[in-house]
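Notes for the structure review
Residues per chain are reported as follows:
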Amino acid sequence: MMRRGAVFVVAARGAVGGVAAGIRRPDPAERGLGAMWVAPPWRGRGVAARLADAVIDWARQEGAARLGLWAPADNPRACRFYERQGFRSSGKTRPFPGHPGRLIAEMRLDLP
């Protein structure tokens, strides 16, 4: 089920290369980036950055002051990617839904 928000898709020649969701959160000053996925053949081509940029732009247009996400804490590649996009760790973690023993880490981006 998708909460109110926006879905961004990168596709070419009928093939989906990646998706990301912009999610409205209860705090009107905050939006979320979720459901980020890039198809394996499309990885390393800048698709993830384009999707993140689309969600960041959407959050700004929504008037949000910050954008948050939860990344797998045991996936340093994903965390480094989000850091390159300007996100910083909040220091908070919680259990990874459906994956006992794994954690997800909160990251935030302040929007100027």
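Before reading further, recall that the structure is shown in the block above.
Below, the structure is looked at part by part. None of the values given here were measured: they were computed from a predicted structure.

Quick word on the overall build of the chain
- Along the backbone of the chain there are two helices and six strands.
- When the elements of the chain are put in sequence order from the N terminus, they spell out β-β-β-α-β-α-β-β.
- The C-alpha atoms of the chain give a radius of gyration of 14 Å, which matches the 13 Å a tight globule of 112 residues would have.
- Judged by the C-alpha coordinates and their principal axes, the chain covers about 40 × 35 × 30 Å.
- Summarising the internal contacts of the chain: among those between residues at least 6 apart in sequence, 51% fall at separations of at least 24.
- For the chain, the distance from the average position of its 19 positive side-chain charges to the average position of its 9 negative side-chain charges is 6 Å.

Section: the side chain of Glu106
- Position of Glu106 among the secondary structure elements: in strand β6 (residues 103–110).
- At 2.6 Å, the side chain of Glu106 forms a polar contact with the side chain of Ser90.
- Apart from residues lying up to four places away in sequence, Glu106 is in contact with Leu69, Trp70, Arg88, Ser89, Ser90, Gly91 and Lys92.

Here's the deal with the packing of aromatic side chains
- Under the definition given, this model contains two aromatic pairs.
- Each ring, one from Phe81 and one from Tyr82, has its centre 5.2 Å from the other, and the planes form 65°; the classification is edge-to-face.
- For Phe81, a relative accessible area of 13% translates into the label buried.
- You can call Tyr82 buried: its relative accessible area is 9%.
- Relative to Phe87, the ring of Tyr82 lies with its centre 5.9 Å away and its plane at 80°, an arrangement referred to as edge-to-face. The same class applies to Tyr82 and to Phe87, which are both buried.

Description of the nonpolar core
- Within the largest apolar cluster, 26 residues are counted, with the highest numbers of intra-cluster contacts made by Leu33, Leu67, Leu69, Tyr82, Phe87 and Leu111.
- Mapped onto this core, the elements with two or more residues apiece are β1 (5–12), β3 (30–38), α1 (47–61), β4 (66–72), α2 (76–84) and β6.
- With seven residues, the single largest contributor to this core is α1.
- Apart from the residues within four sequence positions on either side, Leu111 is in contact with Ile56, Ala59, Arg60, Ala64, Ala65, Arg66 and Leu67.

Remarks on a positive patch on the surface
- A cluster of basic residues, Arg43, Arg77, Arg80 and Arg84, forms a positive patch on the protein surface.
- For Arg77, the location among the structural elements is in helix α2.

Reading the values: the criteria
Residues numbered from 1 in each chain as written. Predicted model: local features only at pLDDT ≥ 70, side-chain atom pairs only at ≥ 80, totals over all residues. Heavy atoms only, no water. Helix = DSSP H or I, 4+ residues; strand = E, 2+ residues; numbered from the N terminus. Rg over C-alpha atoms; globule rule 2.2 N^0.38 Å. Contact = heavy atoms within 4.5 Å. Lys, Arg positive; Asp, Glu negative; His and termini not counted. Charge placed at Lys NZ, Arg CZ, Asp CG, Glu CD. Polar contact = N/O pair within 3.5 Å; in protein donor to acceptor, adjacent residues only side chain to side chain. Phe/Tyr/Trp six-rings, centres within 6.5 Å; stacked < 30°, edge-to-face > 60°. Buried < 20%, exposed > 50% of the residue type's maximum accessible area, 1.4 Å probe, protein only. Core = buried A, V, L, I, M, F, W, Y, C linked by side-chain atoms within 4.5 Å. Patch = residues over 30% accessible without salt bridge, like charges linked within 9 Å, V, L, I, M, F, W, Y side chains within 5 Å. Areas by Shrake-Rupley, 256 points an atom, 1.4 Å probe, with all protein chains shown as cover. Salt bridge = Lys/Arg side-chain N within 4 Å of Asp/Glu carboxyl O.

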